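Remarks on the overall topology
Chain by chain, the residues:
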There are 2 protein chains.
Amino acid sequence: MERDDDQSDHVVLLNASTPEEVRTRCRRGEFTSPTCGFAGGHAQANLVVLPKEYAFDFLLFCQRNPKSCPLLEVLEPGHFSCSALARDCDIRTDLPRYRIFEHGVMTAEVSDITSQWRDDLVSFIIGCSFSFEEALVANKVPVRHIEQATNVPMFETNIACRSAGCFSGNLVVSMRPLTAADAIKATTITSKYPRVHGAPVHLGNPAEIGIADVSRPDYGDAVPVRDGEITVFWACGVTPQVVMAASRPSFCITHAPGCMLVLDTLNEELAGSA
Amino acid sequence: MERDDDQSDHVVLLNASTPEEVRTRCRRGEFTSPTCGFAGGHAQANLVVLPKEYAFDFLLFCQRNPKSCPLLEVLEPGHFSCSALARDCDIRTDLPRYRIFEHGVMTAEVSDITSQWRDDLVSFIIGCSFSFEEALVANKVPVRHIEQATNVPMFETNIACRSAGCFSGNLVVSMRPLTAADAIKATTITSKYPRVHGAPVHLGNPAEIGIADVSRPDYGDAVPVRDGEITVFWACGVTPQVVMAASRPSFCITHAPGCMLVLDTLNEELAGSA
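Residues numbered from 1 in each chain as written. Chains lettered and ligands numbered in written order. Predicted model: local features only at pLDDT ≥ 70, side-chain atom pairs only at ≥ 80, totals over all residues. Heavy atoms only, no water.

Looking at the interface of chain B and chain A
Counting residues at the interface gives 22 residues for chain B, matched by 22 residues for chain A. Surface buried jointly by chain B and chain A totals about 1,800 Å² across both partners, of which 56% is contributed by carbon and sulfur atoms. Looking only at chain B, the three residues that lose the most surface to chain A are Phe56, Gln63 and Glu76 of chain B, adding up to 33% of its buried area. Here Glu73 of chain B makes a salt bridge to Arg162 of chain A, at a shortest N to O gap of 2.9 Å. At the junction of chain B with chain A, the criterion picks out 10 residue pairs in polar contact (both at pLDDT 80 or more). Where the side of chain B that touches chain A is concerned, the elements lending two or more residues are α3 (52–64) and β2 (71–74) of chain B. (Contact = heavy atoms within 4.5 Å. Buried area = accessible area lost by both parts, 1.4 Å probe. Salt bridge = Lys/Arg side-chain N within 4 Å of Asp/Glu carboxyl O. Polar contact = N/O pair within 3.5 Å; in protein donor to acceptor, adjacent residues only side chain to side chain. Helix = DSSP H or I, 4+ residues; strand = E, 2+ residues; numbered from the N terminus.)

Focus on the nonpolar core
Ranked by internal contacts, the top residues of the largest apolar core, which has 66 residues, are Leu50, Phe58 and Phe124 of chain A together with Leu50, Phe58 and Phe124 of chain B. Residues in contact with Leu50 of chain B, not counting those within four places in the same chain, are Phe58, Asp120, Leu121, Val122, Phe124, Phe167, Met244, Pro249, Phe251 and Cys252 of chain B. Among the nonpolar cores identified, the runner-up in size contains 37 residues, and Cys82, Leu85, Ala86 and Phe251 of chain A belong to it. (Core = buried A, V, L, I, M, F, W, Y, C linked by side-chain atoms within 4.5 Å. Buried < 20%, exposed > 50% of the residue type's maximum accessible area, 1.4 Å probe, protein only.)

Some remarks on helix α2 (residues 19–27) of chain B
Residues and elements named next belong to chain B. Residues of α2 that are buried include every one of Pro19, Val22, Arg23, Arg25 and Cys26, and no others. Down the axis, α2 shows its buried residues gathered within 165° of arc, on one side only. Backbone geometry just downstream of α2 places Gly29 in the positive-phi region, at approximately 80°. (Arc of directions from axis to C-beta.)

A look at the sheet that holds strand β8 (residues 202–203) of chain A
Residue and element names in this part refer to chain A. The sheet built from four strands is open, its strands ordered β6-β7-β9-β8 with antiparallel pairing. The open sheet has two edge strands with one neighbour each: β6 (154–160) and β8. Of the strand pairs in this sheet, strand β7 (residues 170–178) and strand β9 (residues 230–235) are connected by six bridges, and their pairing is antiparallel. Residue pairing across strands places Met175 opposite Phe233, the latter belonging to β9. Those strands touched by helix α7 (residues 239–247) are β6 and β7, and its axis lies near 150° from that of β7. (Pairing = 2+ DSSP bridges. Axes fitted to C-alpha atoms, helices over the stretch in contact; angles between N-to-C directions.)

Overview of the pairing of strand β5 (residues 121–127) of chain A
All names here are of chain A. Counted residue by residue, β5 has seven buried out of seven residues, so it is predominantly covered. For strand β1 (residues 42–51) and β5, the ladder comprises seven bridges, and the chain directions are antiparallel. From the neighbouring strand, Leu50 faces β5, where its bridge partner is Val122.

Structural notes on the packing of helix α4 (residues 130–138) of chain A against helix α6 (residues 180–190) of chain A
Geometry of a packed helix pair, given as the angle between the helix axes and the separation of the axes. Residue and element names in this part refer to chain A. In contact at an axis separation of 10 Å, α4 and α6 are set at 130° when each is read in the N-to-C sense. Judged by the angle between their axes, α4 and α6 are oblique. Every pair of crossing elements has a handedness; the one defined by α4 and α6 is right-handed. Residues Phe132, Ala135 and Leu136 of α4 lie in contact with α6, whose contacting residues are Ala186, Ile189 and Thr190. Looking at the contact of α4 with α6, its residues break down into five nonpolar, one polar and no charged. (Parallel < 35°, antiparallel > 145°, perpendicular 65-115°, else oblique. Left-handed = near helix turned anticlockwise from the far one by under 90°. Nonpolar A, V, L, I, M, F, W, Y, C, P; charged D, E, K, R; others polar.)

Focus: the packing of aromatic side chains
Taken as a whole and judged by the stated rule, the model has 16 aromatic pairs over all chains. A ring pair is formed by Phe58 of chain B and Phe124 of chain B, whose centres lie 4.9 Å apart and whose planes are at 90°; its orientation type is edge-to-face. A residue pair is termed long-range when its members are at least 10 positions apart, and Phe58 of chain B in helix α3 and Phe124 of chain B in strand β5 (residues 121–127) qualify at 66 residues. Here Phe58 of chain B falls in the buried class, since its relative accessible area comes to 0%. Classification of Phe124 of chain B as buried rests on a relative accessible area of 0%. Summarising the aromatic geometry, the rings of Phe155 of chain B and Phe233 of chain B are spaced 6.5 Å apart at their centres and angled 75° between planes, so their arrangement reads as edge-to-face. Taken as a pair, Phe155 of chain B in strand β6 (residues 154–160) and Phe233 of chain B in strand β9 (residues 230–235) lie far apart in primary sequence, 78 residues in all. Across the pair, exposure class does not vary: Phe155 of chain B and Phe233 of chain B are buried alike. Grouping aromatic residues by their ring pairs yields a cluster made of Tyr54, Phe58, Phe61, Phe124 and Phe167 of chain A. The aromatic ring of Phe251 of chain A is capped on one face by Arg118 of chain A, whose charged end is 4.9 Å from the ring centroid. (Phe/Tyr/Trp six-rings, centres within 6.5 Å; stacked < 30°, edge-to-face > 60°. Lys NZ or Arg CZ within 6 Å of the ring centre and 35° of its normal.)

Right, dumping it as structure tokens:
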């Protein structure tokens, strides 16, 4: 039954929705599905919420790892609105679903974090590759997982992030198979979007970055790699979730995978540096 | 007598010095002058050192004000080496001179901060416009204060920085007079260097950003503006010093004006985002 509701959400919201409509329906508990494809043209964001005692270390982690953790905004302790990115937004209610972690272990998945909110919580709003995928498609670079209507394949690598204070872990990458010509075109295009992961971190042999089998992603769905295609890898916003699992802060909230914060910010506004 | 020593430093070091030579002579107390023009081709950096209790707020201030405070590196509490930017560097000794502030008031100017060092101090290393000036000159854009061998003119503006925690204050800008054609060229060139202040923040009428008289800079030296030239304004690394004076943290150390940390990093490495 809930699945049917989700499907009708999709029909109603997918093409004509505004960011504010998506956020309002999330707030009312009417929309709890992944946000991919909604409010087209507008950026979506990853969310990480941590107690103030961890905030300097994690802000430093993001500063040192800008490709995996490109910060769009960080809120003051206890603040839950981010009007520069999303008008009248309450980040405690306006995402479809959240995950709560205690000491690195997920303890709940909820659609509202108002009852978990504390005055010492600091929210980190991090760019998402949905933004550059729109630019790829607009420039006629085919994106396999969009064509197949699945989630992008993601892999843990053997590339260590630069650690900061208590936070460390390996980089997670997303993969898109492309012809050589399109790999070059995609590199050029995404290099213009440093605030949403930027240029690829690797292309070619997956084993070089510790990926044994590109047909078995650690997160998301597998996509076929055709003859003559190269696998191209971008730093991925799932990295902070892996870092949280490895670094085990006492408390942490993130968005649920794919259930992003939909911003008023246009994808095009994210071309170039801040 | 000390002035003579400074002059001979200049003769010896100006053309042929390496970053390591400059840092070593600073460490020995043999070099206490401004670093402009030394170790050509290499980046130089602003320094702000704050107790850990202020570190999240100031890191957030830099994150929110990337044009005036473009971070090249932030060290963990108590750390004083920054090997990613400068080999075998000790930031407590390797700058020519430092300023010490207590509650926003300068209480000392010293050539070594080893005796002031504490395990809770966090060092912020911030990009400097010397890097993009080299690119301007290389691209035949004349830089007036370099031609005149004076310090760049700097002005406090009425543009409020985005505040963060306890830190707030107005933007400080540096000014370079240029023809219209060179203003366009300089904008294009400096836009490629977001990590060293990036594109201008204003051009044309100085009064629009609260500058009453461009012939009376708040810091540095005045330069002539010739007929047909436009004044062009860039965000300036002196901004954090003004913010410290306005925000009055209990303790703070900065570099003395013009007495920068000389890095191994090449200016060209700072083209593009991190």
